[in-house]
Amino acid sequence: MKLADNKSYDISKALNVKLKGKLNKSIVGNISERTLIRAKQGIPVSAYSVKHIASELGCQPEDLLNQNDVCWLSTRNASLTNPAAINIHASLSEFIDGVIAAAGILSYKLDQSDLELSVDFKTTSLRLELRQLESGIKNYWSVKAGYPDDTGITYIESNDSAELQLELAVERLRMGVTDNVIINGIKQFSYCHKPGWLVMFHKFKPNDFESYVGEQHFLNAEDFQTTLNEWLQGNKLTDVNSEEGGVAISVDKKELGWNVALFSRANFGPGGGVVEAAIPPNFAKEITTEIRSKDKPISCISNPKCGSKLKFGPCKQSVSTY
């Protein structure tokens, strides 16, 4: 972001974090101590002062702009150059929620494998195209970081906080929409075979951190569904929750050595390499509903045909169990 010489900026939040108790006189440099005190108190200071304070602190001027003031401007099926079409979001997650909801409406399948999402990802902006493969229907979005000011919106070209938020947003889109994701021209998921499932087993203790116990890989959905149904019949669960990217079940049986299992879809490469696949919210919700039901086994993960029944639990081997 290029600071405008004729504007003043409130840098108090970021400045007080970066100072971390440093004395004013130790970083004054080419500005007055009074200016620094004003900046710390939240009184807007000139672009000249922002640049020199940043220089003394060894950071970029835009790093001092209050991160809480970053907003996200987006359009749907329109352009950011058209002010009438712009939506302003206080947080990036607000925008991502809208994209994920739109994907759920556009898809005809529970796992949303009939959708393709293309993401063009730059430092502080995204362009998304969501296509329904059978019908060819497309939706596209643009989103960019900016700061509101007295003249409207100033777009940001570089900002560490905004860049990190976008990286997390792209990962959330990859895990929450469809397996057919293309990021900056690179396909993210291999379709040599259909996604299997990865189960991570943990031991949670009261007032303590979780302890990783082990994992189990299922090359196909049929084996996972059959194995899980067999296990569910003989075990009483204490909790089941769908969470972004997967499903978690809890069980209270000390002899198991674990009490929480986290499920996620995945593909497995040579040597047991794992590439996680998407579990759209509606899919996760349906799995959770079926697990909680006492009347029927899980059937939404794969076709009803039986797969191989394996012993459900963490494997002793370091590679996948197929």
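If you're wondering where the values come from, they're calculated on a predicted model, not measured in any experiment.

Thresholds, definitions, all that
- Residues numbered from 1 in each chain as written.
- Predicted model: local features only at pLDDT ≥ 70, side-chain atom pairs only at ≥ 80, totals over all residues.
- Heavy atoms only, no water.
- Helix = DSSP H or I, 4+ residues; strand = E, 2+ residues; numbered from the N terminus.
- Areas by Shrake-Rupley, 256 points an atom, 1.4 Å probe, with all protein chains shown as cover.
- Core = buried A, V, L, I, M, F, W, Y, C linked by side-chain atoms within 4.5 Å.
- Buried < 20%, exposed > 50% of the residue type's maximum accessible area, 1.4 Å probe, protein only.
- Contact = heavy atoms within 4.5 Å.
- Salt bridge = Lys/Arg side-chain N within 4 Å of Asp/Glu carboxyl O.
- Axes fitted to C-alpha atoms, helices over the stretch in contact; angles between N-to-C directions.
- Parallel < 35°, antiparallel > 145°, perpendicular 65-115°, else oblique.
- Nonpolar A, V, L, I, M, F, W, Y, C, P; charged D, E, K, R; others polar.
- Phe/Tyr/Trp six-rings, centres within 6.5 Å; stacked < 30°, edge-to-face > 60°.
- Pairing = 2+ DSSP bridges.
- Polar contact = N/O pair within 3.5 Å; in protein donor to acceptor, adjacent residues only side chain to side chain.

Participant: Tell me about the overall build of the chain, and name the residues and values.
Facilitator: Along the chain, the regular secondary structure elements total seven helices and 16 strands. On the chain, roughly 17,000 Å² of surface is accessible, and the fraction owed to carbon and sulfur atoms is 50%.

Participant: Can you explain the nonpolar core? Please cite residues and give values.
Facilitator: One finds Trp-72, Leu-92, Phe-95, Leu-117, Leu-128 and Leu-130 to be the most contacted residues of the largest nonpolar core, which totals 29 residues. Among the secondary structure elements, those contributing two or more residues to this core are helix 4 (92-106), strand 5 (115-121), strand 6 (125-132), strand 7 (138-149), helix 5 (160-176) and strand 9 (181-183). Considering every element that reaches this core, the biggest residue donor is helix 4, with eight residues. Every residue in contact with Leu-130, bar those within four places of it in the chain, is listed here: Ala-102, Ala-103, Leu-106, Leu-115, Glu-116, Leu-117, Ile-137, Lys-138, Asn-139, Trp-141 and Val-177. If you look at the next biggest cluster of nonpolar residues, it comprises 25 residues, including Leu-228, Leu-232, Ala-284 and Ile-301.

Participant: An account of the pattern of salt bridges is requested, with residue identities and associated values reported.
Facilitator: A complete count under the given rule lists eight salt bridges for this structure. Between Lys-138 and Glu-129 there is a salt bridge, with its nearest N and O atoms 3.9 Å apart. When its relative accessible area of 27% is taken as the criterion, Glu-129 is described as partly exposed. A salt bridge links Lys-309 to Glu-230, with the shortest nitrogen-to-oxygen separation between them at 3.4 Å.

Participant: Which residues make up the packing of helix 1 (residues 12-19) against helix 2 (residues 33-40), and what values do they have?
Facilitator: Orientation of helix 1 relative to helix 2, taken along the N-to-C sense of each, is 110 degrees, at an axis distance of 8 Å. Regarding the angle of helix 1 to helix 2, the classification is roughly perpendicular. Where helix 1 abuts helix 2, its residues Ser-12, Leu-15, Asn-16 and Leu-19 lie against Leu-36, Ala-39 and Lys-40. Among the residues forming the contact of helix 1 with helix 2, the class breakdown is four nonpolar, two polar and one charged.

Participant: Account for the packing of aromatic side chains, with residues named and values stated.
Facilitator: One pass over the structure, following the stated rule, counts 10 aromatic pairs. Relative to Phe-312, the ring of Phe-263 has its centre 6.3 Å away and its plane inclined at 80 degrees; by these criteria the two rings are edge-to-face. Here Phe-263 is found in strand 15 (residues 260-268), whereas its partner Phe-312 is found in the segment after helix 7 (281-292), with 49 residues between them in sequence. Under the relative-accessibility criterion, Phe-312 is labelled buried at 8%. Through successive ring pairs, a cluster of aromatic residues spans Trp-197, Phe-201, Phe-218, Phe-224, Trp-231, Trp-258, Phe-263, Phe-283 and Phe-312.

Participant: Break down unusual backbone geometry for me, citing the residues and quoting the values.
Facilitator: Of note, the phi angle at Asn-77 is positive, near 55 degrees, even though the residue is not glycine. Mapped onto the secondary structure, Asn-77 falls in the loop between strand 3 (71-76) and strand 4 (87-89). Under the relative-accessibility criterion, Asn-77 is labelled partly exposed at 35%.

Participant: Quick one: what's the story with the pairing of strand 13 (residues 237-243), residue by residue and with numbers?
Facilitator: With six bridges joining them, strand 13 and strand 14 (residues 246-251) adopt antiparallel strand pairing. Note that in strand 14 the partner of Leu-237 across the bridge is Val-251. Counting the residues between successive antiparallel strands, the hairpin from strand 13 to strand 14 contains two residues, one of them, Gly-245, with a positive phi of roughly 90 degrees.

Participant: Can you lay out the environment of Gln-41 for me, pointing to particular residues and giving the numbers?
Facilitator: For Gln-41, the position within the fold is in the loop between helix 2 and strand 2 (45-46). A residue is classified by how much of its surface remains accessible, and Gln-41, at 58% relative accessible area, is exposed. A C-alpha to C-alpha distance of 9.1 Å links Gln-41 and Lys-13, two positions 28 residues apart in sequence.

Participant: Residues and numbers for the environment of Met-175, please.
Facilitator: The residue Met-175 is located in helix 5 in this model. Judged by its relative accessible area of 11%, Met-175 falls in the buried class. For the pair Met-175 and Ser-264, spaced 89 residues apart in the sequence, the C-alpha separation amounts to 9.7 Å. Ignoring any residue separated from it by four or fewer positions in sequence, one finds Met-175 in contact with Glu-276, Ala-277, Ala-278 and Ile-279.

Participant: For the side chain of His-217, give the residues involved together with the corresponding values.
Facilitator: Of note, His-217 is situated in strand 12 (residues 211-218). Within the local environment of His-217, its side chain forms a polar contact with the side chain of Glu-215, the two groups lying 2.6 Å apart.

Participant: So, the pairing of strand 15: which residues are in play, and what are the values?
Facilitator: Buried residues dominate strand 15, accounting for eight of its nine residues. Sheet topology places strand 11 (residues 196-203) next to strand 15; seven bridges connect them, and they run antiparallel. Of the residues in strand 15, the one forming a bridge with Val-199 is Phe-263. In this structure, strand 14 lies alongside strand 15, joined through four bridges in antiparallel fashion. Note that in strand 15 the partner of Val-247 across the bridge is Phe-263. Taken together, the three bridges between strand 15 and strand 16 (residues 274-276) define a ladder with antiparallel strand orientation. The residue bridging Phe-268 from the neighbouring strand is Val-274, located in strand 16.

Any functional reading would require information that these geometric values do not contain.
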